[in-house]
Amino acid sequence: QVQLVESGGGLVQAGGSLRLSCAASGRTFSSYAMGWFRQAPGKEREFVAGISYTGRYTLYADSVKGRFTISRDNAKNTVYLQMNSLKPEDTAVYHCAADSQLVPVVAEASYDYWGQGTQVTVSS
């Protein structure tokens, strides 16, 4: 069992930055690939970024490539999402998720555990 708690969301102007954190409970955090997803009002949840269990392999949605960076610290049971050059279209609730597969995938059905989410709002 893995419990996930996101933090770091907030209101920021376009062009600004935020860093999201996702703290995981449980001793097996380092055995899971981790992903970040987001859901904007009236839209389906979409994949944003993922990272393998070692942190060596990362995967990004085209819409955030070059602006967002996912990383993890297995000693702290935490995964991060550094978001730079934010745009109004990045406004959404951001969720982290854990996948028992060792490498991240885009499909949300693959992920076993989910956090409650943190709101990110980017003003123009």
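Residues numbered from 1 in each chain as written. Predicted model: local features only at pLDDT ≥ 70, side-chain atom pairs only at ≥ 80, totals over all residues. Heavy atoms only, no water.

### Considerations on the pairing of strand β5 (residues 46-51)
Logical step 1: Of all 6 residues making up β5, 5 are buried, and the element is well covered by its neighbours.
Logical step 2: Here strand β4 (residues 33-39) runs beside β5; their pairing, made up of 5 bridges, is antiparallel. Across the sheet, M34 pairs through a bridge with I51, a residue of β5.
Logical step 3: Hairpin connection between β4 and β5: a loop of 6 residues separates the two successive antiparallel strands, and G42 in this loop has a positive phi of roughly 75 degrees.
Logical step 4: Both β5 and strand β6 (residues 58-60) contribute to a ladder of 3 bridges, which runs antiparallel. (Buried < 20%, exposed > 50% of the residue type's maximum accessible area, 1.4 Å probe, protein only. Helix = DSSP H or I, 4+ residues; strand = E, 2+ residues; numbered from the N terminus. Pairing = 2+ DSSP bridges.)

### Quick notes on the sheet that holds strand β7 (residues 68-73)
Logical step 1: Read from one edge to the other, the open sheet built from 4 strands follows the order β1-β3-β8-β7, with strand pairing classed as antiparallel. With one partner strand each, in any of the chains shown, β1 (4-7) and β7 form the two edges of the open sheet. Sheet twist, expressed as the average angle between the axes of neighbouring strands with direction ignored, equals 15 degrees.
Logical step 2: Bridging between strand β3 (residues 18-24) and strand β8 (residues 78-83) involves 6 bridges; their strand directions are antiparallel. Paired with L20 across the bridge in β8 is L81. (Axes fitted to C-alpha atoms, helices over the stretch in contact; angles between N-to-C directions.)

### A short note on the state of the cysteines
A covalent bond bridging the sulfur atoms of two cysteines is what the word disulfide describes.
Logical step 1: Applying the stated criterion across every chain, the model contains 1 disulfide.
Logical step 2: The residue that forms a disulfide with C22 is C96, at a sulfur-sulfur distance of 1.9 Å. On the sign convention where negative means left-handed, the S-S torsion of about 50 degrees between C22 and C96 marks this disulfide as right-handed. On the criterion of sequence distance, the pair formed by C22 in strand β3 and C96 in strand β9 (residues 92-99) is long-range, its members being 74 residues apart.
Logical step 3: On the accessibility criterion, C22 (0% relative accessible area) is buried.
Logical step 4: Here C96 falls in the buried class, since its relative accessible area comes to 0%. (Disulfide = S-S within 2.5 Å.)

### A closer look at the environment of T78
Logical step 1: By the secondary structure assignment, T78 is in strand β8.
Logical step 2: Residues T78 and F68, spaced 10 residues apart in sequence, show a C-alpha to C-alpha distance of 17 Å.
Logical step 3: With residues up to four places along the chain from it excluded, the contact list for T78 reads S21, C22, A23, F29, R72 and D73.
Logical step 4: Polar side-chain contacts of T78 include one of 2.8 Å to the backbone oxygen of K76. (Contact = heavy atoms within 4.5 Å. Polar contact = N/O pair within 3.5 Å; in protein donor to acceptor, adjacent residues only side chain to side chain.)

### Things to note about the side chain of H95
Logical step 1: When you line up the elements, H95 lands in strand β9.
Logical step 2: With relative accessibility at 10%, the residue H95 sits in the buried group.
Logical step 3: The contacts of H95, once residues within four sequence positions are left out, are E6, G35, W36, F37, R45, W114, G115, Q116 and G117.

### What to know about the nonpolar core
Looking at soluble globular proteins, one finds that nonpolar side chains tend to be buried together.
Logical step 1: Counting 34 residues, the largest nonpolar core has M34, W36, L81, M83 and Y94 as the members making the most contacts within it.
Logical step 2: When contributions to this core are tallied by element, the ones reaching two or more residues are β3, β4, β5, β7, β8, β9 and β11 (118-123).
Logical step 3: No other element matches β9, which puts 5 residues into this core. (Core = buried A, V, L, I, M, F, W, Y, C linked by side-chain atoms within 4.5 Å.)

In short, geometric facts, not functional conclusions.
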